[in-house]
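# Structural overview for review
This is what each chain is made of:
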Amino acid sequence: MSLSNLVDDWSKYRKGREEGGYHDYEHMWGMSIDLNKCIGCNACSVACYAENNLAVVGKEKFEKGQGMHWLRIERYWDEPDLGEERTAEFQQHGASFLPMMCQQCNAATCEPVCPVAATYHTPDGLNAQVYNRCIGSRYCSNNCPYRLRYFNFWSFYEDSWPAPLNMQLNPDITVRDKGVMEKCTFCVQRIRTVKDKARMEDRKVRDGEVQTACSQTCPTGAIEFGDMLGMYDPETGVAETRVTKMWRKHQVELGKTKQNKQTPDMRGYRVFEFLNTDPCVMYLDRVREV
Amino acid sequence: MKKCRILGLFGNFDDAFAAIGDFKNHKVDGITVDDVTFLSPIEHPDIDDVLGPRPSVIPKVTLCGASFGITFGFLFLASAQSNFLIQPQGGKAIVPLPSNIVLTYEMMILFSVIFTVIAFLVTTRLFRKRKSLYSEHISNDQVAIEFEVDEKYIDQIKAVFKDNHSVEIREEVQS
Amino acid sequence: MQNNEVYKDINEDLKWTQINKDILQSMENPRKGYWISVAVCLFLIMFAVVGEIYQYQIGMGVANLNWPHMWDLYIATFIFWIGMSHAGTLLSAILHIMNADWRKPIYRFAEAMTTFSLMTAGLFPMIHLGRLWNMYWVLPYLTDRGIWPNFRSPLVWDAFAISTYLTSSALFLFIGMIPDLAICRDNARGWRKKLYTALSLGWRGDDRQWRNFRRTYLIMACFLIPLAVSVHSIVSSDFAMSIMPGWSVTSFPPYFVAGALYSGCAAIITLFILLRYYFRWEEYMTIAILEKTCKLTFAIAMVWTYLNLIEFASVWYGHSAADKEVLLAKFSGPYAPFFWGMIFCGSIVPFVLAFEKWRRHLPTMMVVSILLNLGMWLERWMIVTPTLSLSYHPIAHDVMWPSWVQWFIVAGSFGWFGLLFLVFVKVFPSVSMYECKEMVLHRRELANKEISPVMANGPGGGAPAPGVANKSPGVEGS
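Reference entry: report on the structure contained in this document. (Residues numbered from 1 in each chain as written. Chains lettered and ligands numbered in written order. Predicted model: local features only at pLDDT ≥ 70, side-chain atom pairs only at ≥ 80, totals over all residues. Heavy atoms only, no water.)

## Digging into the overall build of chain C
Along the backbone of chain C there are 18 helices and zero strands. The C-alpha atoms of chain C give a radius of gyration of 24 Å, which matches the 23 Å a tight globule of 478 residues would have. Taken along the three principal axes of its C-alpha coordinates, chain C extends 80 × 55 × 40 Å. The proportion of buried residues among the 478 residues of chain C is 63%. Of all intrachain contacts in chain C linking residues separated by at least 6 positions in sequence, the fraction that spans at least 24 positions is 82%. Accessible surface, chain C as shown: approximately 17400 Å² in total, 68% of it carbon and sulfur. In chain C, which carries 37 positive and 31 negative side-chain charges, the distance between the mean positions of the two groups comes to 6 Å. (Helix = DSSP H or I, 4+ residues; strand = E, 2+ residues; numbered from the N terminus. Rg over C-alpha atoms; globule rule 2.2 N^0.38 Å. Buried < 20%, exposed > 50% of the residue type's maximum accessible area, 1.4 Å probe, protein only. Contact = heavy atoms within 4.5 Å. Areas by Shrake-Rupley, 256 points an atom, 1.4 Å probe, with all protein chains shown as cover. Lys, Arg positive; Asp, Glu negative; His and termini not counted. Charge placed at Lys NZ, Arg CZ, Asp CG, Glu CD.)

Below, the structure is given as structure tokens:
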């Protein structure tokens, strides 16, 4: 039994939540998504499909709601309904796009409800899903306020990649069978590869070295990914990471349910922050003409 | 001295209680009301008055079970939770008291019930081989008084039974 | 006949020999109606098995489950069965402590109903899992991986609570039955005699046994009441501990417990009427007892209605937009017909129970009790699905209807429960003989009558010992 483990964990936990920083965490992977730049092209979603062996479920199953898009582009109309009278032919202001993937919440609501502890929090600040342990009770998905967890309702691998499409599968990641829950992992396979390489070369992970599939593919650069603990280091002269800069600029902090903003120019917000989930993804509000 | 068992069947509670009253009044020297074993199809509400108070150890065993349940339950849960190398916390504590209270409560009840049942089976001597002096009428509508005493008291006991209109008397000599 | 005489809880001139005879005859070789009921139950179970095998092989998608409707009828029916199990506890334990002796003829089958509903409910957490073959991971056992279940999860609390409740209820049922099994043993032949001899554990009926029995029974009743309350509170915390609008409601634990008592009482009325008709137990399952059960059901129905209204009120007072949306969707959304059906069956139909004329009319009570249970089942469904069809995030608005697999499995659960209950009534005494005798004794004392006329020394009393002169029919073995 590890009483020392308990004591260790306890002191870590108390520091983390109270002081708003995660000093003992090696990394805290986070994202900043600029909705001004997002054009809703769905390239990030397709890249996610390719990178993570996501099954293309087909039109019928997708309509039934059994799709497996870990990263989905949500489309919102400012005028949702053109109305019976149809005063205009199409919406005047167009659509807003919101790319949503697992927010890797620091106080994840999905973690404590899994009966077999198949989802946990890594020291990297990621919420990890253990496919092997999952028995498919689906409580985690029900408890996710963003509804970002997807369940394998069928054995998709049987007919999603008929030969030779199966050659396209990413060998760094598994193909999931029916009955397990899955979700965005911030391309943890890429993170691990880069970390291993950095450790072998006896250095720290550099900013921009890890790119998730979605941030790599985005044509407008709307998605920024990086280590939020990458502060400016005066001794070595290493600059802060882009993501840390974005969060700092827009005055969004971890560990808070309501941000203290000085000016309304600070466009950064987190989705459903008031639910105290403490997500690691920040969105920059779209600016429209008034 | 040879031990002898005798069973007197009665058709209703009044006759049987009258017989016990006789034994209380020392109609038979050397036999007291504490030697009486009273068999019946139900438990009569006045039985404690007639036979005198007799102790039962079961409530104490239940208390043991409850305390065991609470301590074992909580310690087991806390050690299992702190044993995890990576914690599915959701921002909550490692050993969360609210969750553990629920499970500790369940464990308390489970062990109380189990301990009580075991105590019941032991104190009622249920699993032992049933003594042969028994009549099917006892489970139907007759009551009985049983003694296990020295041979010399048997005839006197029989006399008391007959005085109180016993329906049947059975006896058995233990070798 | 005057009203007072007909509507007694039990006829206090009932001879004890007669009690034995009447109850033991229920365990004789069954008639045709019984075999037909068994066949119907087996048929329903077969439906469920077909559905489950299909789902096991192909995946949960065949149940029409989707994102966001991750839970549906399986969880609703699970809670329904757990709820129904509270009736036995109510009758056996709560009314026992309150010395309400009118429960005595009817609590045995209610306790059996508790145990079997729990056995039925226990199937559903397994059926609804995506990887059912790994379900034992929820239990805490020592593994070489050193991993334990997540004790923070309400689903693990469910596992613990339901196993505790099932164990305790089964033990309570069995221990309460020991004196009756002794009666069966004394009157049986063949394979039944061996069975009852083994099960009655050598019960003689001596004062030491009765004294310890009374203590044990009272202690177990005292523990079973908080256990029942906590079990259904824990089951409600599957919802209450989550974050979803419409689920994260603090009043869920008492609301669920009230609903459980409600559906349990309704099921008691149903089974009461069936057993009374089938075994001709008019002397034991009297109209007076039925009336008392109906009044109790009515009271619980009003409690449930109140807690329902409180839930609406708390949504109205709070300013959570998501909660309000879920409530309005229940009233007027795609699931509204079922919601209003639940309100009708759960809050309006029970008013029939307020009228004496209807309470004494058995066909009406049969229909009413089935409607009440239907209302409770709809309530469970209406808790699960509207929240999932809305939730916080607008992208997850979706309407889904269950597929044939879900309906088959739900139907099969009723068949499984029915089968267990049918086996029980033929092998075990479903009315507690010794308690009926106690009830007669007590009622005679209240009426200032002597006990001896109903015992052996009464007029015409004292049947000869079986085996000596074969006047009374014993219980036949095969």
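## A closer look at the sheet that holds strand S4 (residues 168–173) of chain B
All names here are of chain B. The four strands are arranged S2-S3-S1-S4 in an open sheet whose pairing can be described as antiparallel. Each edge of the open sheet is held by one strand with a lone partner, namely strand S2 (37–39) and S4. Between one strand axis and the next, the sheet turns through 20° on average, direction left out of account. As paired elements, strand S1 (residues 3–10) and S4 share six bridges and run antiparallel to each other. By the bridge assignment, Ile-6 is partnered in S4 with Glu-171. Helix-sheet contacts for helix H1 (residues 13–24) involve S1, S2 and strand S3 (143–150), and the interaxial angle to S3 is about 25°. (Pairing = 2+ DSSP bridges. Axes fitted to C-alpha atoms, helices over the stretch in contact; angles between N-to-C directions.)

## Some details on unusual backbone geometry
The omega angle of the peptide bond from Ala-163 of chain A to Pro-164 of chain A is 5°, so this bond is cis rather than trans. Topologically, Pro-164 of chain A is positioned in the loop between strand S6 (150–151) and strand S7 (181–182). Omega for the peptide link from Trp-67 of chain C to Pro-68 of chain C comes to 5°, which places this bond in the cis form. Take Pro-68 of chain C: it is sitting in the loop between helix H3 (32–58) and helix H4 (73–84). Although it is not a glycine, Gln-104 of chain A adopts a positive phi angle of roughly 45°. Positionally, Gln-104 of chain A belongs in the loop between strand S3 (95–100) and strand S4 (119–121). Classification of Gln-104 of chain A as buried rests on a relative accessible area of 0%. The phi dihedral of His-165 of chain B falls on the positive side, at around 60°, and the residue is not glycine. Along the polypeptide, His-165 of chain B turns up in the loop between helix H5 (154–163) and S4.

## What about the packing of aromatic side chains?
All names here are of chain B. All told, the structure shown has 78 aromatic pairs over all chains when counted by the stated rule. Seen in terms of ring centroids, Phe-23 and Phe-147 are 4.7 Å apart; in terms of plane orientation they differ by 65°. Their pairing is edge-to-face. Separated by 124 residues along the polypeptide, Phe-23 in helix H1 and Phe-147 in strand S3 bring together distant segments of the chain. Accessibility expressed as a relative area gives 0% for Phe-23, which makes it buried. Accessibility expressed as a relative area gives 1% for Phe-147, which makes it buried. (Phe/Tyr/Trp six-rings, centres within 6.5 Å; stacked < 30°, edge-to-face > 60°.)

## As for the interface of chain C and chain B
Counting residues at the interface gives 64 residues for chain C, matched by 69 residues for chain B. When chain C packs against chain B, the two sides together hide about 6000 Å² of surface, and 63% of this comes from carbon and sulfur. At the boundary of chain C with chain B, the tally comes to four salt bridges. Among the salt bridges present, the one from Arg-204 of chain C reaches Glu-146 of chain B, with a minimum N-O distance of 3.1 Å. (Buried area = accessible area lost by both parts, 1.4 Å probe. Salt bridge = Lys/Arg side-chain N within 4 Å of Asp/Glu carboxyl O.)

## A look at the pattern of salt bridges
Counted according to the given criterion, the structure contains 37 salt bridges over all chains. In this structure, Lys-158 of chain B engages Glu-171 of chain B in a salt bridge whose closest nitrogen and oxygen atoms are separated by 2.4 Å. Taken as a pair, Lys-158 of chain B in helix H5 and Glu-171 of chain B in strand S4 lie far apart in primary sequence, 13 residues in all. Look at Glu-171 of chain B and you get partly exposed, because its relative accessible area is 37%. Lys-292 of chain C is the salt-bridge partner of Asp-9 of chain C, the closest N and O atoms lying 2.7 Å from each other. Of the two residues, Asp-9 of chain C sits in the loop between helix H1 (3–6) and helix H2 (16–24) while Lys-292 of chain C sits in helix H12 (residues 287–317), which places them 283 residues apart along the sequence. Connected through shared salt-bridge partners, Glu-26, Asp-124, Arg-192 and Lys-195 of chain A make up one network.

## Thoughts on helix H5 (residues 188–200) of chain A
Since the α-helix packs 3.6 residues into each turn, any two residues three or four apart lie on the same face. All names here are of chain A. With 13 residues, H5 should reach 18 Å at 1.5 Å per residue; the first-to-last C-alpha distance of 18 Å fits that figure. For H5, the set of buried residues is Gln-189, Arg-190, Ile-191, Val-194, Lys-195 and Ala-198. Contacts from the buried residues of H5 go to strand S1 (29–34), helix H2 (43–51), helix H6 (213–217) and strand S8 (223–227). (Expected span 1.5 Å × (residues − 1).)

## Considerations on H3 of chain C
All names here are of chain C. Between the first and last C-alpha of H3 there are 40 Å, a value that for 27 residues agrees with the 39 Å anticipated at 1.5 Å per step. Where H3 is concerned, the buried positions are Tyr-34, Val-38, Cys-41, Ile-45, Ala-48, Gly-51, Glu-52 and Gln-55. Looking at the packing, one finds that the buried side of H3 touches H4, helix H7 (124–127), helix H11 (252–279) and helix H17 (404–427). At the C-terminal side of H3, Gly-59 shows a positive phi close to 125°.

## Structural notes on the nonpolar core
One finds Phe-186 of chain A, Phe-38, Ile-145 and Phe-147 of chain B together with Trp-16 and Phe-239 of chain C to be the most contacted residues of the largest nonpolar core, which totals 270 residues. Looking at this core element by element, the count peaks at 17 residues for H11 of chain C. Not counting residues within four places of it along the chain, the set of residues in contact with Phe-38 of chain B comprises Phe-13, Ala-16, Phe-17, Ile-20, Ile-47, Leu-51, Val-143, Ala-144 and Ile-145 of chain B together with Gly-205, Asp-206 and Asp-207 of chain C. One finds Met-28, Trp-247, Leu-254 and Leu-284 of chain A within the second-largest nonpolar core, a separate group that totals ten residues. (Core = buried A, V, L, I, M, F, W, Y, C linked by side-chain atoms within 4.5 Å.)

## Focus on the pairing of S3 of chain B
Residue and element names in this part refer to chain B. Buried residues dominate S3, accounting for six of its eight residues. One ladder, built from eight bridges, connects S1 with S3; its direction is antiparallel. Bridge pairing links Ile-6 to Phe-147 in S3. Direction of pairing for S2 relative to S3: antiparallel, over a ladder of three bridges. If you follow Leu-39 over to S3, its bridge partner there is Ala-144.

## Side note on the packing of helix H8 (residues 154–186) of chain C against helix H18 (residues 433–446) of chain C
All names here are of chain C. Two elements in contact, H8 and H18, have axes separated by 7 Å at closest approach and are oriented at 100°. When the axis of H8 is compared with that of H18, the two are roughly perpendicular. In contact with Gly-176, Pro-179, Asp-180, Ile-183 and Cys-184 of H8, H18 contributes Met-433, Tyr-434 and Lys-437. Class assignment for the residues of the contact of H8 with H18 results in five nonpolar, one polar and two charged. (Parallel < 35°, antiparallel > 145°, perpendicular 65-115°, else oblique. Nonpolar A, V, L, I, M, F, W, Y, C, P; charged D, E, K, R; others polar.)

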